[in-house]
Amino acid sequence: MRSTIFKLIMSLSTVAIVACTPALKEQEDSYGAGFITVNETLWAVDHTKPYPFTVAYGEIVCGLPHRGLGPQVYFMPENFTDESYIGTPLNQAAADSLERDGDRPNVPYSIKKGADLSEAIQIGLKVCKEQQDFLDNGG
């Protein structure tokens, strides 16, 4: 008898916990930008150009297009990836957006002097396309 009551109580508490847990999908949809992690060690495996950033780990982030600028691609160093930080712009659309808004990057690491950003920008644009496709398909 005790075992049956215990199982019933556990089942009801599990249902209550699940029912009261907020859905994360809505929060993810409102974020509106995708990202991909990058690191200096693995960069050479998939890329022909040298790793362009001054920190070993980070994210290439897509800011979805607005104001007719096109997809915006930024670099966010590890531990500086939440929304309170403004990343280093990698493409002209990102630089133009920051200039229009009067903003500046506020992350402590950025691009190596003379680095070729072409592969990093292509990665970011691919992330932007995938994120836009996801949003267009009701993701």
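What you see is a predicted model, and the numbers here were worked out from it, not measured in a lab.

Considering the state of the cysteines
Among covalent bonds in proteins, the disulfide is the one between the sulfur atoms of two cysteines.
Alright, step 1. Overall, the coordinates contain one disulfide when judged by the stated rule.
Alright, step 2. Covalently, Cys 62 is tied to Cys 128 through a disulfide, its sulfur atoms 1.9 Å apart. Between Cys 62 and Cys 128, the S-S torsion sits near 115 degrees, and that sign places the bridge as right-handed. Taken as a pair, Cys 62 in strand E2 (residues 57–63) and Cys 128 in helix H5 (residues 118–136) lie far apart in primary sequence, 66 residues in all.
Alright, step 3. Since its relative accessible area comes to 0%, Cys 62 is described here as buried.

Looking at the side chain of Asn 39
Alright, step 1. Looking at the element boundaries, Asn 39 is found in strand E1 (residues 35–39).
Alright, step 2. The buried category is assigned to Asn 39, whose relative accessible area is 16%.
Alright, step 3. Within polar-contact distance, the side chain of Asn 39 engages the backbone nitrogen of Thr 41 at 3.0 Å.
Alright, step 4. Reaching out from Asn 39, the side chain makes a polar contact with the backbone nitrogen of Leu 42 at a distance of 2.8 Å.
Alright, step 5. In contact with Asn 39, other than residues within four places in its own chain, are Tyr 51, Ala 56 and Tyr 57.

Criteria and thresholds
- Residues numbered from 1 in each chain as written.
- Predicted model: local features only at pLDDT ≥ 70, side-chain atom pairs only at ≥ 80, totals over all residues.
- Heavy atoms only, no water.
- Disulfide = S-S within 2.5 Å.
- Helix = DSSP H or I, 4+ residues; strand = E, 2+ residues; numbered from the N terminus.
- Buried < 20%, exposed > 50% of the residue type's maximum accessible area, 1.4 Å probe, protein only.
- Polar contact = N/O pair within 3.5 Å; in protein donor to acceptor, adjacent residues only side chain to side chain.
- Contact = heavy atoms within 4.5 Å.

Keep in mind these values describe shape, not function.
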